[in-house]
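As a plain string of letters, each chain reads:
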Amino acid sequence: MAVDSVLSSPLGPPACEKDAKALQFIEEMTRNADAVQERVLNEILTRNSQTEYLKRFKLDGVSDREIFKNKIPVVTYEDLQPEIQRIANGDRSPILSAHPISEFLTSSGTSAGERKLMPTIKEELDRRQLLYSLLMPVMNLYVPGLDKGKGLYFLFIKSETKTPGGLLARPVLTSYYKSEHFKRRPHDPYNVYTSPNEAILCADSFQSMYTQMLCGLYEREQVLRLGAVFASGLVRAIRFLQLHWPQLAHDIRTGTLNPEITDPSICERMGLVMRPNPKLADFVTDECSKENWEGIITRIWPKTKYLDVIVTGAMAQYIPTLDYYSGGLPKACTMYAASECYFGLNLNPMCKPSEVSYTIMPNMGYFEFLPHDPNSSRDSTRNLVDLVDVEVGKEYELVITTYAGLYRYRVGDILRVTGFHNSAPQFHFVRRKNVLLSIDSDKTDEAELQRAVENASKLLKEFNTSVVEYTSYADTKTIPGHYVIYWELLMKDLNNSPSDEVLNKCCLAMEESLNTVYRQGRVACNSIGPLEIRVVKNGTFEELMDYAISRGASINQYKVPRCVSFAPILELLDSRVMSRHFSPSLPQWTPERRH
């Protein structure tokens, strides 16, 4: 029932008074985007004026936008690493932020293979919570009746470590799920989960997934939407059901919990949930034992209205799989966020994945945009433009200044402007800068892939064999997805060619060379499958070049692509494969940070 039209919003009639206030807030922020940005920058610079970093550039307490731009350089993570390391080692002086750094949020790996450490302060949780609080009011405009059921969300925490100085270092979502904001969130009929907190907060990924799936099956008639953070997580959940449904059905039939679930808090909570339900067990058995899993999501959860997952950027590769499992249900990408800062939300969450645009909320941080020319390797950091001055159709790299002490920091996301909501621009996420391969939250760039190939090819030396050429792609048809590397080999002594065992070891050597986020996905999260090397016939990469030239590539400027996704090229490569090899064991990974 829509509330009084006095509270109505240009976005549409709100579902309740609380929603009306949230939609009104979005309107105010986006209508006055530039004024809000000026206020945000003023707040950040005023409160942090006495920090070592801002004093170094002689800002002298000035919060003027133009002076800030003239004096403060545009930086990357590597530029800030010395300051971040000092904080990690225990230096509590105001280096980057006047407010104490409460913890580090870890994001994808640096070139040295470690996760980046993003400083954060306590009040950032309030800002992140604020953005979360806007998501359902927008969704309720498009999907009525979400207060009449529940969401089956597969949410997980990941391992955390401590820096030498005693600060926690963990992924941003782990920080949020473990916070009082999440654990003590007030009841909201529009946002009820089937998964109990105890399951979400269990660090053992098997026990967590099993319990969340079991609760989702028990409440199948209540489920109105399925979700995970990334599309890959939801695909993995369906695969988990495929592998474990007999035990899940047994638990439902008998009302007893799988003995592999040993976490005391889960066991106690599930004691309230578990009850024998032979009829439901028969249903699960009947559906899951069928060979055809097309539409399995709507067969098991018939009231599902949409999937709540990120399917932009590298996650777009999972869209066909999700369409197959869900019978083409809409996929809602609701928000755009990173460890460094939460940025904005999708005001049209039920649009097609290819049309997803995020509206930047100007109160979250101070945003600048570096024009990005895909055809140029150089970019001038003198040409940055403000949030309201970006141009529709152009691509930019996002540069942020945050309350937690990042100043003019290059995030590495390439965005294309698609339009405006009031005076706030809307962006389509194009890609991560320099990222070649990604299956889950891993990001592998060209330099890292090159290094991995070089390290693995050392194992071929004693056989007088070398890697002539290589390319790669992220195979998401397998669950979990895995990296495929195509190798063309030059064997100088055919009587002493490398064996299958040696080439399998090359796969493992490559994995050992990849970053800690990749290895954690392989070892702890089971979100990435074993790396595969496909050895192709000699001359394959020449054929690849001929094909590219036949499609208009310049013979003088042709470079072998280090990652491919175009179907005809993959078909060409696969038609030349002579042998396939997989990593024989897991690479090394531990949650401890290297110091």
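Owing to the predicted nature of the structure, the values given are computational and were not obtained by experimental measurement. (Residues numbered from 1 in each chain as written. Predicted model: local features only at pLDDT ≥ 70, side-chain atom pairs only at ≥ 80, totals over all residues. Heavy atoms only, no water.)

**Observations concerning the overall build of the chain**
Keep this limit in mind: Each helix corresponds to a stretch of at least 4 residues labelled H or I by DSSP, and each strand to a stretch of at least 2 residues labelled E; elements are numbered beginning at the N terminus. Radius of gyration means the value over C-alpha atoms here, while the globule rule gives 2.2 Å times the residue count to the 0.38 power. In short, Shrake-Rupley with a 1.4 Å probe defines the accessible areas, and a residue's cover is counted only from the protein chains shown. When charges are tallied, Lys and Arg are placed among the positive residues and Asp and Glu among the negative ones, while His and the ends of the chain are skipped. Taken as the charge location is NZ of Lys, CZ of Arg, CG of Asp or CD of Glu.
A tally of helices and strands in the chain yields 20 helices and 22 strands. In summary, the chain has a C-alpha radius of gyration of 25 Å against a globular reference of 25 Å for 595 residues, a match within 12%. In terms of overall dimensions, the chain has C-alpha extents of about 80 × 70 × 50 Å along its principal axes. When the accessible surface of the chain is split by element, carbon and sulfur atoms take 50% of a total near 25500 Å². If the 68 positive side-chain charges of the chain are averaged to one point and the 73 negative ones to another, these points end up 2 Å apart.

**A few points about unusual backbone geometry**
Among all residues save glycine, negative phi is the norm, and among peptide bonds the norm is trans. In the segment running from I479 into P480, the intervening peptide bond is cis, with an omega of -5°. Along the chain, the position of P480 falls in the loop between β19 (465-475) and β20 (482-491). Of note, R408 is a non-glycine position whose phi angle comes to about 50°, a positive value. Examined against the element boundaries, R408 turns out to sit in the loop between β14 (395-401) and β15 (409-421).

**Quick word on the confidence of the model for the chain**
Going by this rule: The predictor's confidence in any single residue is recorded as pLDDT, a number from 0 to 100. The criterion used for residue contact is that any of the two residues' heavy atoms lie within 4.5 Å.
Per-residue confidence for the chain averages 90 on the pLDDT scale, and 94% of its residues sit at or above 70. Segment residues 1-6 is flagged for pLDDT under 50; beyond a separation of four residues in sequence, or across chains, it makes eight contacts in the model.

**Observations regarding the packing of helix α10 (residues 205-218) against helix α12 (residues 264-273)**
So the rule is basically this: Axis definition: a line fit to C-alpha positions, over the contact stretch in the case of helices; interaxial angles, taken between N-to-C directions, run 0 to 180 degrees. Working definition: roughly parallel below 35 degrees, roughly antiparallel above 145 degrees, roughly perpendicular at 65 to 115 degrees, and oblique for all remaining angles. Each residue is assigned to one class: nonpolar for Ala, Val, Leu, Ile, Met, Phe, Trp, Tyr, Cys and Pro, charged for Asp, Glu, Lys and Arg, and polar for all the others, Gly among them.
At their nearest, the axes of α10 and α12 sit 12 Å apart, and the two run at 10° to each other. Taken as axis vectors, α10 and α12 run roughly parallel relative to one another. Taken together, the residues of α12 that come into contact with α10 (itself represented by Q207, T211, L214, C215 and Y218) are I266, M270 and V273. For the contact of α10 with α12, a count of residues per class yields six nonpolar, two polar and no charged.

**What about the nonpolar core?**
What counts is decided by this rule: For the purposes of this section, nonpolar cores are sets of buried Ala, Val, Leu, Ile, Met, Phe, Trp, Tyr and Cys residues that join through side-chain atoms within 4.5 Å. Only protein chains enter the accessibility calculation, which uses a 1.4 Å probe; a residue is then buried when its area is under 20% of its type maximum, exposed when over 50%, and partly exposed in between.
Membership of the largest hydrophobic core comes to 163 residues, with the highest contact counts inside it found for L241, W301, F343, F367, W487 and M510. Per-element tally for this core: the top contributor is helix α11 (residues 231-254), with 11 residues. Residues in contact with F367, not counting those within four places in the same chain, are Q37, C341, F343, I360, M361, P362, D386, L387, L398, V399 and I400. In terms of nonpolar packing, the next biggest core, distinct from the first, is built from 11 residues, V484, V560, I569 and L573 among them.

**Some words on the packing of helix α19 (residues 540-550) against helix α20 (residues 567-575)**
Note the threshold: By convention, the crossing between two helices is left-handed when the near helix turns anticlockwise from the far helix through less than a right angle, and right-handed when the turn is clockwise.
Where α19 contacts α20, the axes come no closer than 10 Å and their chain directions differ by 155°. Viewed along their axes, α19 and α20 adopt a mutual orientation that is roughly antiparallel. Here α19 runs over α20; the crossing is right-handed. The segment α19 lies against α20, with T540, E543, L544 and Y547 engaging P568, I569, L572 and L573. Residues belonging to the contact of α19 with α20 are distributed by class as follows: six nonpolar, one polar and one charged.

**Examining the sheet that holds strand β6 (residues 223-230)**
Under the convention used in this document: Two strands pair if DSSP finds at least two bridges between them.
If you trace the four strands from one edge of the open sheet to the other, you get β3-β6-β7-β8, paired in parallel fashion. The open sheet has two free edges, formed respectively by β3 (150-154) and β8 (331-332), since each of these has just one partner strand. Bridge count for strand β7 (residues 306-310) against β8 is two bridges, and the pairing is parallel. Note on β8: the bridge partner recorded for D308 is A332.

**Digging into the sheet that holds strand β13 (residues 385-386)**
In any sheet, the strands associate via hydrogen bonds between backbone groups, in a parallel or an antiparallel arrangement. The strand order across the open sheet formed by eight strands is β9-β10-β11-β16-β15-β14-β12-β13, and the pairing between neighbours is antiparallel. Where the open sheet ends on each side, the last strands, each with one partner, are β9 (335-337) and β13. The sheet strands contacting helix α6 (residues 124-142) are β9 and β10 (342-345), and the helix crosses β10 at an angle near 10°.

**Description of helix α13 (residues 278-288)**
Worth spelling out the cut-off: This arc is built from the directions going out from the helix axis to the C-beta atoms.
Turning to α13, its buried residues are L280, A281, V284, E287 and C288. Projection of α13 onto a plane perpendicular to its axis shows the buried side chains occupying an angular sector of 135°, all on one side. Tucked into the core, α13 has its buried residues touching α10, α11 and α14 (296-300).

**What about the packing of aromatic side chains?**
Note the cut-off: The rule is short: rings of Phe, Tyr and Trp, with Trp giving its six-membered ring, pair when the centres are within 6.5 Å, and they are stacked under 30 degrees, edge-to-face over 60, tilted in between.
Under the defined criterion, the tally for this structure stands at 21 aromatic pairs. Relative to Y193, the ring of Y153 has its centre 5.1 Å away and its plane inclined at 45°; by these criteria the two rings are tilted. Placement of Y153 in strand β3 and of Y193 in the loop between α8 (180-183) and α9 (197-200) is noted, with a sequence separation of 40 residues between them. Y153 sits in the buried class, given a relative accessible area of 7%.

**Here's the deal with the environment of E340**
Following the sequence through the fold, E340 ends up in the loop between β9 and β10. What makes E340 buried here is its relative accessible area of 9%. When the C-alpha atoms of E340 and L117 are compared, they prove to be 9.3 Å apart, with 223 residues separating the residues in sequence. The contact partners of E340, leaving out residues within four places of it in the chain, are M118, I400, T402, L406, Y409 and V411.

**Digging into the side chain of T163**
Within the secondary structure, T163 is located in the loop between β4 (161-162) and β5 (168-171). When sequence neighbours within four positions are dropped, the list of residues in contact with T163 reads A88, F104, L117 and A169.

**Looking at the pattern of salt bridges**
We apply this condition: Salt bridge, as used here, is a side-chain nitrogen of Lys or Arg placed within 4 Å of a carboxyl oxygen of Asp or Glu.
This structure, assessed with the given rule, holds 41 salt bridges. With a shortest N-O distance of 3.4 Å, K394 and E391 are connected by a salt bridge. Note on E391: relative accessible area 42%, which makes it partly exposed. Between D574 and R534 there is a salt bridge, with the nearest N and O atoms lying 2.7 Å from each other. Of this pair, D574 sits in helix α20 while R534 sits in strand β21 (residues 532-536); the two residues are 40 residues apart in sequence, bridging distant segments of the chain. Residue classification places D574 among the partly exposed residues on the basis of a relative accessible area of 33%. Where salt bridges share partners, they join D34, E38, R65, K69 and D386 into one cluster.

**Some points on the pairing of β5**
Bridging between β4 and β5 involves two bridges; their strand directions are antiparallel. When the sheet's bridge partners are listed, T161 is paired in β5 with A169. Connecting the antiparallel pair β4 and β5 is a turn made up of five residues, with G166 showing a positive phi of about 95°.

**Looking at the pairing of β3**
Most of β3 sits inside the fold, with four of its five residues counted as buried. In this structure, β3 lies alongside β6, joined through five bridges in parallel fashion. Residue pairing for β6: Y153 is matched across the bridge by G227.

**Some words on helix α5 (residues 77-88)**
Stated precisely, the cut-off is as follows: Helix span, as expected, comes to 1.5 Å for every residue beyond the first.
With 12 residues, α5 extends just 14 Å between its outermost C-alpha atoms, more than 12% less than the 16 Å of an ideal straight helix rising 1.5 Å per residue. If you check which residues of α5 are buried, you get Y77, L80, E83, I84, I87 and A88. In an axial view of α5, the angular spread of the buried residues amounts to 145°, which keeps them on one side of the axis. Immediately downstream of α5, the backbone of G90 shows phi near 115°, a positive value.

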